[in-house]
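Chains, contacts and geometry: an overview
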Amino acid sequence: VQLVESGGGLVQPGGSLRLSCAASGFTFSRRAMSWYRQAPGKEREWVADITRAGGDTNYADSVKGRFTISRDNAKNTVYLQMNSLKPEDRAVYYCNTFPTLVVASWGQGTQVTVSS
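Residues numbered from 1 in each chain as written. Predicted model: local features only at pLDDT ≥ 70, side-chain atom pairs only at ≥ 80, totals over all residues. Heavy atoms only, no water.

A closer look at the pairing of strand E5 (residues 45–50)
- Both strand E4 (residues 33–38) and E5 contribute to a ladder of five bridges, which runs antiparallel. Across the sheet, the residue bridging to Trp35 is Ala48, located in E5.
- In this antiparallel pair of consecutive strands, E4 and E5, the connection spans six residues, and Gly41 shows a positive phi of 75°.
- Bridge analysis of E5 against strand E6 (residues 57–59) gives three bridges, and the strand direction is antiparallel. Bridging across to E6, Asp49 finds its partner in Asn58.
- Here E5 folds back onto E6, and the loop between the two strands holds six residues, one of which, Gly54, carries a positive phi near 85°. (Pairing = 2+ DSSP bridges. Helix = DSSP H or I, 4+ residues; strand = E, 2+ residues; numbered from the N terminus.)

In structure tokens form, the structure reads like this:
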């Protein structure tokens, strides 16, 4: 079982990034998925989640209207489109099932830095 996040990087405030999470080792289409993030010195926090077929999504208030979670069950991949990025979005971003840690442990995450 593996979750591999990618797509992070350095972006200016107001910019965009698209994160990807490739899943393997379990039946992806049978699991709701989520994105979490952990900023330096802070607890890991929930960002967004998506149902198994992708028909329903939920977002933390801090990212609502700026981030979009989606999935492609044919590719066993969940995405996080992040627009209008702010310095406070700086964190390591992780994907997992929802609820978390049911199938897989945390991956290595992908670093997002928002700075001018």
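Section: the sheet that holds strand E1 (residues 2–6)
- Across the sheet, four strands lie side by side as E1-E3-E8-E7; this open sheet has antiparallel pairing. Looking at which strands have only one partner, the edges of the open sheet turn out to be E1 and strand E7 (67–72). For this sheet the average axis-to-axis angle between neighbouring strands, irrespective of direction, equals 15°. (Axes fitted to C-alpha atoms, helices over the stretch in contact; angles between N-to-C directions.)

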